[in-house]
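Listed below are the residues making up each chain.
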Amino acid sequence: MGLLRGVARTAVVAGTATAVSNRVSRRQAGRWAQQEQPVQAEQAPPPAAPAAPAGSSMDDKLAQLKELGVLKDNGVLSEAEFQAQKQKILGT
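Residues numbered from 1 in each chain as written. Predicted model: local features only at pLDDT ≥ 70, side-chain atom pairs only at ≥ 80, totals over all residues. Heavy atoms only, no water.

For the chain, the count of helices and strands is three helices and zero strands. Tracing the chain from N to C terminus, the helices and strands come up as α-α-α. Classification of the 92 residues of the chain by burial places 10% in the buried group. Here the contacts in the chain between residues at least 6 apart in sequence split such that 67% fall between residues at least 24 apart. When the accessible surface of the chain is summed, it comes to about 7,400 Å², and 58% of that surface belongs to carbon and sulfur atoms. (Helix = DSSP H or I, 4+ residues; strand = E, 2+ residues; numbered from the N terminus. Buried < 20%, exposed > 50% of the residue type's maximum accessible area, 1.4 Å probe, protein only. Contact = heavy atoms within 4.5 Å. Areas by Shrake-Rupley, 256 points an atom, 1.4 Å probe, with all protein chains shown as cover.)

Right, dumping it as structure tokens:
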């Protein structure tokens, strides 16, 4: 049972790390695109990030928070990114 748990944990961490990496890449590409465009006096605010699904159970939220903690401990997420993701999960 220990091997299966280790493999599952690795899969979760790898999947989360991939999702975070893709998000960072998209955010950076967006920043570069904004720098290339001429600055306009009035810019529309960015769309709000989608909140966690209303049907999320507490177990799902706890699992996501644990994954975030692992990513933060491994240096994948900064403290600010960790706090932002935590607030999204908790819906605050």
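Glancing now at the side chain of Thr 16. By the secondary structure assignment, Thr 16 is in helix H1 (residues 2-36). Looking at Thr 16, the relative accessible area reads 16%, which means it is buried. A polar contact is formed between the side chain of Thr 16 and the backbone oxygen of Val 12, at a distance of 2.8 Å. (Polar contact = N/O pair within 3.5 Å; in protein donor to acceptor, adjacent residues only side chain to side chain.)

Per the counting criterion, the structure on display carries two salt bridges. Residues Arg 27 and Glu 81 are paired through a salt bridge, measuring 3.9 Å at the closest nitrogen-oxygen approach. Here Arg 27, found in helix H1, pairs with Glu 81, found in helix H3 (residues 79-90); they are 54 residues apart in sequence, far enough to count as distant. A relative accessible area of 30% means that Arg 27 is categorised as partly exposed. By relative accessible area, which is 22% here, Glu 81 ends up partly exposed. (Salt bridge = Lys/Arg side-chain N within 4 Å of Asp/Glu carboxyl O.)

Just distances and angles here, no functional claims.
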